Structures are given as C-alpha cells and as structure tokens.
Amino acid sequence: MRKFLASAKFLASAGAAATFFAGTPANADQPVAWQTTFQAPATDIMRQIEWFGNYTMWFIIPITVLVLLLLAYCIVRFRASANPVPSKTSHNTLIEVVWTVGPVVVLLCLAIPSFQLLTAQYTPPEEAKLTVKATGNQWNWDYEYQTGSTLSFNSAVLQDADRAAAGKEDRKVYPRLLAVDNEMVVPVNTMTRVLVTATDVIHSFAMPSFGIKMDAVPGRTNETWFKAEKEGLYYGQCSQLCGKDHAFMPIAIRVVSDAQFNSWLAAAKTNLPGANKALMAEVDGQNKVAVAGN
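As the structure is a computational prediction, the values presented were derived from the model and not from experiment. (Residues numbered from 1 in each chain as written. Predicted model: local features only at pLDDT ≥ 70, side-chain atom pairs only at ≥ 80, totals over all residues. Heavy atoms only, no water.)

## Digging into the environment of Ile45
- Topologically, Ile45 is positioned in helix α3 (residues 44-77).
- Once you skip the residues sitting within four places of it in the chain, Ile45 turns out to touch Leu117, Ala120, Gln121, Phe210, Gly211 and Trp225. (Helix = DSSP H or I, 4+ residues; strand = E, 2+ residues; numbered from the N terminus. Contact = heavy atoms within 4.5 Å.)

Structure, rendered in structure tokens:
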C-alpha cells in the first residue's frame, strides 16, 4: 500500500526526493517538497503507525466512494424533473439495520489495531539504557544527558551566518529552518527515554521518523521513548503553537554507532563544539566511503 501511495506523488516530489537523497546521510530522512507520505520509518513504532495509516485507507476509500456514488444516484434519480411526485416513505428496516451495523463493524475493525498500537506506544519493550531530558523554551531546546556525569546544552535553529563556522553549509544535509547548532546525539539500536518538559508555555517534542510526539508542559514531566534502528540525521519540530517563533524551533537527532556515541559523549563534556565537529567529520567520511562503494 505504501508503494501505491508513494507512486501517487506529484512528479515534482519525485525530483525533489531524488535530489535530496543524493546528498543526505545514509538511512536518514527529512521533509521534502510536495511530500504526501510519511517519512521513512527509523523505529518499529513508526512502522506500526505507517501500517495502521495504510490499513485505515482500505476503509476510508471504499466508504468515500460509496457515499459519493449514493449522492450522485440520489441527485440523478430523485431530481425534480425525473421524480415530480416524491415518495412519502419514512421507514425502511433493512436500510436502518445496515447503516447501524455497518459502521459498528468498521469501528471495531479500526478500534482493535488502534488500541494495540496505542498500548505499544506507551509500553517500552525493555528498560531504557539512555535517558535524555528535553526542555522546551521559547524558542529552542535544552538537552540534559542523565549519565554518570551530567551533560547539558542548548539546541537552537542554525542561523545562516553561522553555517560556515559550524561546518554545515550543505543545505541538503542541513536544511534551512531544520538544521540546529547542536544536535541531540544517541546511539543506534539503544532504548532511549526522553523526559519532556517546558519552562514557559506548552511545546511539543515531535520526531516523525521515530513516531513520537509528546507535549512539553511547564511544571510537568512527560515521558516518551524510541529505539532508532538506522544511523543518520533526523529532523522534527515543535508541534504546538508556542508563540511567534514557533516555526523556528526545530529538533535534530543524530543517530550514530555505539563507539561514535561514547567518543562524542566523553569529548562533549569538556568541549561540545569540538566534539560535534569531530563526530561530523567521522560521519561524513563514512558516508563518502559508502557512496564510493556503491
């Protein structure tokens, strides 16, 4: 079904996607122009969400077509010119049974997998190995790694004037309004708990490729989790209307190998900019080798 939906994109979408994938880290995904489908899933939960979205289409499309055909039939069959004397029928047992039982069956078919998905989203399959606290501010994020020795830093939208100094001039990899100065870095295939809160107004921590979205409420700590299965750089945004710069509050998560994460974490505690640049250089080198191998 996903292939069917993807094939329905506009031709401009295909061109934009081809251009995008030519210059992005392997296995990562981000929004593209004219996008009509989900981003490629990087977690099992997102695959389940994608499946459920495609599953519901098997109900939505036939129902929509049926209602459209019934409306067209009624308009043509019972128009004033073809039916000058309208029927006075006020009761039909069969029709009433069908339009009562039918929706109940459809709702049951949707409710059962929906509740299963909801349960999976709130039931981590294992204990978290890494906990990161994400605090929403107007209009940036504070990240705090709750490890042996605490690491905390701020992550804000990357300004165009700062791209060169940060080594993030490639807009295919670091797109405008999505790239940040300091990404959250996590290891691949690691259960990660995210504690979400805010300091001022309600924000929302959302990462489409991971299938997570959790409100950040001042004075309250909410919890979500993910287990990224693919290395790469992923983008999300605050998805609550949080003020005038709501559109300038991106989220960037870089998923790397265990060895790369441990090296970054050790270096970031004393020199975050240097640790980020070293990690970027290593990841870029691996990507170039992978591209050359293909």
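## A short note on the environment of Lys213
- As for its placement among the helices and strands, Lys213 is situated in strand β7 (residues 212-216).
- Looking at Lys213, the relative accessible area reads 51%, which means it is exposed.
- The spatial distance from the C-alpha of Lys213 to the C-alpha of Gln237 is 9.7 Å, given a sequence separation of 24 residues.
- Not counting residues up to four positions away in its chain, the partners in contact with Lys213 are Ser204, Phe205, Ala206 and Ser239. (Buried < 20%, exposed > 50% of the residue type's maximum accessible area, 1.4 Å probe, protein only.)

## Observations concerning the sheet that holds strand β4 (residues 184-187)
- Overall, mixed pairing links the three strands, which are arranged β4-β10-β9 in an open sheet. Single-partner strands in this sheet number two, and they are β4 and β9 (232-237). For this sheet the average axis-to-axis angle between neighbouring strands, irrespective of direction, equals 25°.
- Relative to strand β10 (residues 250-256), β9 runs antiparallel, the two sharing six bridges. Following the sheet pairing, Gln237 is matched in β10 by Pro250. (Pairing = 2+ DSSP bridges. Axes fitted to C-alpha atoms, helices over the stretch in contact; angles between N-to-C directions.)

## Quick word on the pattern of salt bridges
- Tallying each qualifying case throughout the model produces nine salt bridges.
- Note that Arg171 and Asp160 form a salt bridge whose closest N and O atoms lie 3.4 Å from each other. Linking Arg171 in the loop between α5 (163-166) and β4 with Asp160 in the loop between β3 (151-155) and α5, this pair joins segments that are eleven residues apart in sequence.
- Given the relative accessible area of 41%, Arg171 is considered partly exposed.
- If you follow the salt bridges from partner to partner, you end up with Asp44, Arg47 and Glu229 in one network. (Salt bridge = Lys/Arg side-chain N within 4 Å of Asp/Glu carboxyl O.)

## Structural notes on the nonpolar core
- With 41 residues, the main nonpolar core has Trp141, Tyr143, Tyr145, Phe205, Phe210, Ile253 and Trp264 as its most contacted residues.
- Once residues lying within four places of it in the same chain are set aside, the contact partners of Tyr143 are Val132, Lys133, Ala134, Leu151, Ser152, Phe153, Ser155, Met184, Phe205 and Ile251.
- Formed by eleven residues, the second largest nonpolar core is a distinct cluster that contains Tyr174, Tyr235, Ala252 and Met280. (Core = buried A, V, L, I, M, F, W, Y, C linked by side-chain atoms within 4.5 Å.)

## Some details on the pairing of strand β8 (residues 222-226)
- Taking burial as the measure, the five residues of β8 include four buried ones, the bulk of the element.
- With five bridges joining them, strand β5 (residues 192-198) and β8 adopt antiparallel strand pairing. Opposite Leu195, over in β8, you have Glu223 as the bridge partner.

## Concerning the sheet that holds β3
- Across the sheet, five strands lie side by side as β3-β2-β1-β5-β8; this open sheet has mixed pairing. Looking at strand neighbours, the two that pair on one side only are β3 and β8, the edges of this open sheet. In this sheet, adjacent strand axes meet at a mean angle of 25° when their direction is disregarded.

## Things to note about α3
- Between its terminal C-alpha atoms α3 stretches 50 Å, which fits the 50 Å expected from 34 residues at 1.5 Å a residue.
- Along α3, the helix axis deviates most sharply at Met57, where the bend reaches about 25°.
- Where α3 is concerned, the buried positions are Ile45, Met46, Ile49, Glu50, Phe52, Asn54, Thr56 and Phe59. (Expected span 1.5 Å × (residues − 1). Bend = angle between axes of the 7 residues up to and from the residue.)

## A few points about the packing of α3 against helix α4 (residues 93-121)
- The N-to-C vectors of α3 and α4 enclose an angle of 170°; their axes lie 11 Å apart at closest approach. On the basis of their axis angle, the class for α3 and α4 is roughly antiparallel. Between α3, through Ile45, Gln48, Ile49, Trp51, Phe52, Tyr55, Thr56, Phe59 and Ile63, and α4, the contact on the second element is made entirely by Val106, Cys109, Leu110, Pro113, Ser114, Leu117, Ala120 and Gln121.
- Of the residues assigned to the contact of α3 with α4, the class counts are 13 nonpolar, four polar and no charged. (Parallel < 35°, antiparallel > 145°, perpendicular 65-115°, else oblique. Nonpolar A, V, L, I, M, F, W, Y, C, P; charged D, E, K, R; others polar.)

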